[in-house]
Amino acid sequence: MTRPLFVNIGERTNVTGSARFRKLIANGDYTAALTVARQQVEAGAQVLDVNMDEGLLDSPKAMTTFLNLIAAEPDIARVPIMIDSSKWEVIEAGLKCAQGKSIVNSISMKEGEAKFFEQATKCLRYGAAVVVMAFDEVGQADTRDRKVAICERAYRLLTEQLGFPPEDIIFDPNIFAVATGLEEHNNYAVDFIEATQAIKQLLPYARISGGVSNISFGFRGNEPVRRAMHSVFLYHAIAAGMDMGIVNAGELPVYDEIDPALREAVEDVILNRRADGTERLVDMAPSYKGGPAVEKTVDLAWRGASVTERLTHALVRGIGDYIETDVEEARLAAGRPLEVIEGPLMTGMNVVGDLFGAGKMFLPQVVKSARVMKQAVAYLMPFMEAEGDGSPRKAAGRVLMATVKGDVHDIGKNIVGVVLQCNDYEVIDLGVMVPADRILDEAIKLKVDIVGLSGLITPSLDEMVFVAGEMERRGFSIPLLIGGATTSRTHTAVKIEPAYARGSTTYVTDASRAVGVVSGLMSPVERPKAEAETRSEYIRIREQFVRSQEAKVRTPLAAARAKRFSADWQLYTPPKPSFLGTRSFVQYDLAELARYIDWTPFFQTWELAGHYPMILEDDVVGEAARSLFADGQAMLKQIIAERWFEARGVAGFWPANADGDDIVIWTDETRTAERARLFTLRQQMSKAEGRPNLALADFIAPIGGPLDYIGGFAVTAGHGEVAVAEKFKAAGDDYNAILSTSLADRLAEAFAEALHHKVRAELWGYAPHEPFDIDGLIGEKYRGIRPAPGYPSQPDHTEKATLFQLLDATPATGIELTESFAMSPAAAVSGLYFANPEAHYFGVGKIERDQAEDYARRKGWTVAHAERWLAPILNYEPKRPVAA
């Protein structure tokens with residue numbers, strides 16, 4: 001059989017794939033960068049993949065510069081250029097200066113057919129061939145059938161409706177990493193190979209390409225194994241019809257010259273021939289890295305204990321390796337499969353619960369225990385169903401949980417749910433943005449024992465009051481639990497509990513307290529006592545709250561404005577940003593964002609107290625923290641390598657001046673027409689002489705003063721996060737579901753930090769020589785601030801609407817605002833940029849009626865509307881109830 005010719009696409013002229021090339025371009029060393037291109041051609045590359053997608057680069061300019069230089073080098077220019085970018089403006093910049101016929105990498109239908117047609121038409125006009133990703137409105141294709149279906153649809157659209165030459169269509173059916181440890185990834189190479197074969201038969205003249213290095217991301221750092229994986233994969237993919245691929249042509253071993261033992265192990269993985277293929281290759285890999293394989297020493301003494309003791313050990317330690325073997329042994333010894341759950345498995349989970357309650361186990365370990373428990377139950381289910389015993393057994397209680405309407409955050413709720421499940425409670429999770437009627441209808445329908453509400457943003461507090469009121473109106477009497485980042489015992493006592501007189505309302509501090517609260521409320525003996533104690537405590541809190549408010553001296557708004565912060569505008573000249581308007585950042589480099597991660601909040605999400613890195617050596621939580629950190633680091637590498645998430649952002653700058661407590665955004669530098677207005681709130685607490693009552697507007701030069709500017713941003717690393725988490729949940733793996741969500745949050749915060757650094761050093765450029773110092777960044781040891789609407793400096797979440805309008809944020813980033821102005825995806829951050837060297841963070845605190853009324857007037861609201869959105873900071877009771 002004659003194997004088809006294969007076109008090697010050189011991968012080293014890509015800033016996202018080559019650290020060396022990225023540094024050369026970033027430093028402006030294009031002469032050395034041309035040497036990289038030349039080496040690729042000399043090593044056998046027949047096409048050069050050129051990519052300039054790096055957050056700190058002017059990518060269109062870099063692409064234009066490099067391609068113009070290549071055109072003057074005959075030994076490089078003799079091969080075609082693949083213009084590779086996720087940004088259309090970069091691709092078009094390359095098309096305008098590329099010599100000869102080029103290849104665009106890539107376009108897809110992920111944003112719908114209209115955008116697909118628009119870009120394909122331009123490629124046709126420029127005479128370029130085009131790589132079409134197997135990516136549609138639903139997402140990237142991962143199975144054979146999805147790959148073929150998307151490619152067929154794109155082919156029909158291009159050839160039949162646009163007249164695109166079929167020989168200029170190159171499909172990329174997505175090469176994903178195999179041997180990652182996740183079972184669902186094991187068939188990815190086979191799916192690609194089979195899809196390639198089908199596409200070549202079904203779609204005449206179309207070509208097939210792909211990024212070959214993706215296949216081996218699980219073995220980064222072990223180049224001999226990676227090269228062997230590339231060679232073996234190509235051997236089979238080319239035979240199936242693959243025409244070209246992005247590879248390092250100079251480092252591709254000959255298939256027949258690969259060590260036979262390694263080749264067989266790699267082939268087992270690539271072709272998914274053995275269930276243990278990944279483990280065998282992982283064990284073998286170190287011996288090919290240049291050093292001896294590390295001998296694993298695992299203490300298996302516990303395997304000699306009784307089956308109940310073994311199951312308890314596995315649950316406490318989160319070890320799933322032997323769980324099915326041990327559960328089968330327990331099943332054979334039991335009368336019925338259900339007895340295994342109610343007997344040894346619950347014995348083990350009770351030990352987990354006791355250790356957690358005693359502070360001897362920590363949240364990450366408990367969630368791992370839950371994963372092993374689910375694995376055991378999943379094994380038993382077929383046996384239970386065969387006996388007609390597949391119906392849910394009687395749990396300790398049934399708890400319904402929901403994130404309230406308008407809110408999209410659910411990490412804390414998910415953690416609480418897992419902990420309750422570990423303690424034999426049935427948890428019904430309705431998800432996020434759940435309206436009151438659905439919560440209460442489901443509670444009735446499912447006959448739940450307890451309802452739990454969660455929320456992160458301040459408008460959720462009002463929604464919780466509304467739900468409590470609806471429970472009262474509809475005659476509920478079951479306990480109501482309240483939790484979430486913005487909730488508090490005081491708010492629960494003052495606002496929520498009085499709205500629900502028929503039943504009890506209890507604030508739950510964190511997951512470690514949830515089990516104790518729920519067990520007390522589920523006990524016929526303990527419940528009356530627990531509820532009575534809570535009511536007494538909340539009465540005291542309300543009385544104390546009233547006394548504290550009466551004792552505080554507040555400053556009238558006029559007097560507070562007279563004490564405003566006033567900069568010396570004669571001595572300070574506001575810097576002008578490098579551009580006005582907005583700039584988008586699509587598919588921002590996740591590896592770059594990882595450098596900016598603040599790990600301390602990561603541990604706080606898992607209720608491990610302490611600062612990173614000291615927490616890793618903590619006497620109490622150090623062991624749990626180290627294990628969690630190792631898991632987090634491993635998953636983060638996988639997220640980056642396999643692009644689980646997509647990071648998108650937008651930043652903008654506009655001429656601005658202060659008008660009292662408002663910030664006027666001008667349409668242009670003439671400053672004659674107002675484009676928008678940002679409204680700020682002023683502190684009204686009584687302050688010592690010489691200490692100002694601040695508002696954010698104080699940090700912007702007033703109208704008639706110097707020409708000032710303001711910036712804004714919105715970023716997310718959450719595109720794809722929900723799908724990843726749901727995939728883990730569907731597999732019974734809550735631990736990795738929560739881990740992936742918490743890492744998405746960290747990457748979003750890192751994106752905000754990275755972009756602010758870029759703003760200071762480049763885009764606004766008022767601190768061009770600021771070094772990268774992660775400790776300094778986390779400690780906010782830099783000039784300028786980025787306050788966010790809904791937070792202490794501006795507690796009004798509705799200001800996000802103006803910010804998003806200015807940024808055109810939703811089209812640019814895919815972030816949407818809910819009716820309560822929460823951002824979706826949840827892993828998102830937005831805010832304003834202030835450059836004034838005297839700008840600093842502060843909290844507005846409580847405000848009086850005069851400011852609420854003034855704020856309503858300025859925004860064109862009714863006073864009642866203002867009181868609704870400012871409810872958490874009002875220092876008085878509104879004249880009418882706050883409506884949800």
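Keep in mind that what you see is a predicted model, and the values were worked out from it rather than measured.

## Concerning the overall build of the protein
For the protein, the count of helices and strands is 32 helices and 21 strands. Relative to a compact globule of 884 residues, whose C-alpha radius of gyration would be 29 Å, the protein shows 30 Å and is just as compact. With the C-alpha coordinates of the protein rotated into their principal frame, the extents come out at 90 × 85 × 55 Å. Residue burial in the protein is summarised as follows: out of 884 residues, 55% are buried. Long-range pairs, those at least 24 residues apart, make up 74% of the contacts in the protein between residues at least 6 apart in sequence. Accessible surface, the protein as shown: approximately 37,100 Å² in total, 51% of it carbon and sulfur.

## Observations concerning the environment of C151
Structurally, the position occupied by C151 is in helix α7 (residues 144-161). When its relative accessible area of 1% is taken as the criterion, C151 is described as buried. C151 sits 19 residues away from V132 along the chain, and the two C-alpha atoms are 7.8 Å apart. Among residues more than four places away in sequence, those in contact with C151 are A134, F171, I199 and L203.

## Side note on the nonpolar core
In terms of nonpolar packing, the biggest core is built from 107 residues, with L345, L420, L593, F603, W606, L747 and L755 touching the most fellow members. In this structure L420 touches V399, M401, Y425, V427, A514, V515 and V518, once residues within four positions along its chain are discounted. Formed by 91 residues, the second largest nonpolar core is a distinct cluster that contains M63, I107, A189 and I193.

## Comments concerning the sheet that holds strand β12 (residues 480-483)
With parallel pairing, the five strands of this open sheet are ordered in space as β10-β9-β11-β12-β13. The open sheet has two edge strands with one neighbour each: β10 (426-429) and β13 (505-507). Pairs of neighbouring strands in the sheet enclose a mean axial angle of 25 degrees, with direction left out of account. Sheet topology note: the β12/β13 ladder contains three bridges and is parallel. For I482, the partnering residue across the bridge sits in β13 and is Y507. Docked against the sheet, helix α17 (residues 436-445) engages β9 (398-403) and β11 (450-454), running at close to 170 degrees with respect to β9.

## Some points on helix α3 (residues 59-71)
A rise of 1.5 Å per residue sets the reference length of α3, with its 13 residues, at 18 Å; its end C-alpha atoms lie 18 Å apart and thus fit the reference within 8%. Within α3, burial applies to S59, A62, M63, F66, L67 and I70. For α3, the buried positions fall inside an angular range of 120 degrees around the axis, keeping them on one side.

## Thoughts on the side chain of T458
Structurally, T458 can be placed in the loop between β11 and α18 (459-473). Residues in contact with T458, not counting those within four places in the same chain, are T486, G790, P795, H797 and P872.

## Topic: the sheet that holds strand β6 (residues 169-172)
Pairing between sheet strands relies on hydrogen bonds along the backbone, with the strands arranged either parallel or antiparallel. With respect to topology, eight strands assemble into an open sheet ordered β7-β6-β5-β4-β3-β2-β1-β8, the strand pairing being parallel. In this open sheet, the two edge strands, each paired with only one partner strand, are β7 (207-208) and β8 (244-247). As defined by bridge partners, strand β1 (residues 7-10) adjoins strand β2 (residues 47-51) across two bridges and the pair is classed as parallel. Bridge pairing in β2 places I9 opposite V47.

## Some remarks on the environment of A206
Mapped onto the fold, A206 is located in the loop between α8 (188-202) and β7. On the accessibility criterion, A206 (3% relative accessible area) is buried. Along the sequence, A206 and A285 sit 79 residues apart, while their C-alpha atoms lie 37 Å from each other.

## A few points about the packing of aromatic side chains
Scanning the model with the defined rule gives 29 aromatic pairs in all. Arranged with centres 6.1 Å apart and planes meeting at 80 degrees, the rings of Y855 and W861 form a pair that is edge-to-face. Taken together through their ring pairs, the aromatic side chains of F579, F653, F713, W764, Y766 and Y833 make up a single cluster. Directly above the ring of F383 sits R331, whose terminal nitrogen or CZ lies 3.8 Å from the centroid. Note that R671 overlies the ring of Y709, its terminal NZ or CZ placed 5.0 Å from the centroid.

## Overview of the pattern of salt bridges
Within the structure shown, the criterion is met by 54 salt bridges. Residue E92 pairs with K122 through a salt bridge whose shortest N-O separation is 3.9 Å. Highlighted residues: E92 in helix α5 (residues 88-97) and K122 in helix α6 (residues 113-126), separated in sequence by 30 residues. The residue R786 makes a salt bridge to E753 at a minimum N-O spacing of 3.3 Å. Taken together, the residues span a long stretch of sequence, with R786 in the loop between α28 (774-778) and α29 (799-807) and E753 in helix α27 (residues 734-763) at a distance of 33 residues. Since its relative accessible area comes to 15%, R786 is described here as buried. A single salt-bridge network, built from bridges that share partners, covers R561, R564, D659, D661, D662, E674, R677, R682, D698, D854, R857 and R858.

## Things to note about the pairing of β2
Along β2, five of the five residues are buried, which leaves the element largely enclosed by surrounding structure. Neither face of β2 is open: one carries V47, D49 and N51, the other L48 and V50, and all of them are buried. With four bridges joining them, β2 and strand β3 (residues 81-84) adopt parallel strand pairing. Residue N51 lies in a different strand from β3, and its bridge partner there is D84.

## As for the packing of helix α26 (residues 721-730) against α27
Packing of α26 against α27 leaves a shortest axis separation of 7 Å and a crossing angle of 165 degrees. Our classification of the angle between α26 and α27 gives roughly antiparallel. Here α26 runs over α27; the crossing is right-handed. Along the contact surface, α26 presents E721, V724, A725, F728 and K729, while α27 presents D734, N736, A737, S740, T741 and A744. Its residues placed into classes, the contact of α26 with α27 shows five nonpolar, three polar and three charged.

## Observations regarding unusual backbone geometry
Note the cis peptide between N105 and S106, where omega equals 20 degrees. Counting through the fold element by element, S106 comes out in strand β4 (residues 103-107). A cis amide bond links Y612 with the next residue in sequence, P613, at an omega value of 5 degrees. Among the structural elements, P613 can be located in the loop between α24 (600-605) and α25 (622-642).

## Section: the pairing of β1
Direction of pairing for β1 relative to β8: parallel, over a ladder of four bridges. Residue pairing across strands places I9 opposite I246, the latter belonging to β8.

## A closer look at the environment of W869
For W869, the location among the structural elements is in helix α32 (residues 863-869). Between the alpha carbons of W869 and S820 there is a distance of 9.3 Å; along the sequence they are 49 residues apart. Contacts of W869, omitting those with residues within four sequence positions, involve P459, D796, T798, E819, S820, F821 and W861.

## Overview of the packing of α3 against α5
In contact at an axis separation of 8 Å, α3 and α5 are set at 25 degrees when each is read in the N-to-C sense. Compared by their axis directions, α3 and α5 come out roughly parallel. In this structure, the crossing between α3 and α5 has a hand that is right-handed. Along the contact surface, α3 presents S59, P60, M63, T64, L67 and N68, while α5 presents E89, V90, A93, G94 and C97. Taken together, the residues that form the contact of α3 with α5 break down as six nonpolar, four polar and one charged.

## What about the state of the cysteines?
Under the definition given, this model contains zero disulfides. The closest cysteine sulfur to the non-disulfide-bonded C97 is located on C123, 14 Å from its own sulfur.

Here is what the cut-offs are and how they apply
- Residues numbered from 1 in each chain as written.
- Predicted model: local features only at pLDDT ≥ 70, side-chain atom pairs only at ≥ 80, totals over all residues.
- Heavy atoms only, no water.
- Helix = DSSP H or I, 4+ residues; strand = E, 2+ residues; numbered from the N terminus.
- Rg over C-alpha atoms; globule rule 2.2 N^0.38 Å.
- Buried < 20%, exposed > 50% of the residue type's maximum accessible area, 1.4 Å probe, protein only.
- Contact = heavy atoms within 4.5 Å.
- Areas by Shrake-Rupley, 256 points an atom, 1.4 Å probe, with all protein chains shown as cover.
- Core = buried A, V, L, I, M, F, W, Y, C linked by side-chain atoms within 4.5 Å.
- Pairing = 2+ DSSP bridges.
- Axes fitted to C-alpha atoms, helices over the stretch in contact; angles between N-to-C directions.
- Expected span 1.5 Å × (residues − 1).
- Arc of directions from axis to C-beta.
- Phe/Tyr/Trp six-rings, centres within 6.5 Å; stacked < 30°, edge-to-face > 60°.
- Lys NZ or Arg CZ within 6 Å of the ring centre and 35° of its normal.
- Salt bridge = Lys/Arg side-chain N within 4 Å of Asp/Glu carboxyl O.
- Parallel < 35°, antiparallel > 145°, perpendicular 65-115°, else oblique.
- Left-handed = near helix turned anticlockwise from the far one by under 90°.
- Nonpolar A, V, L, I, M, F, W, Y, C, P; charged D, E, K, R; others polar.
- Disulfide = S-S within 2.5 Å.

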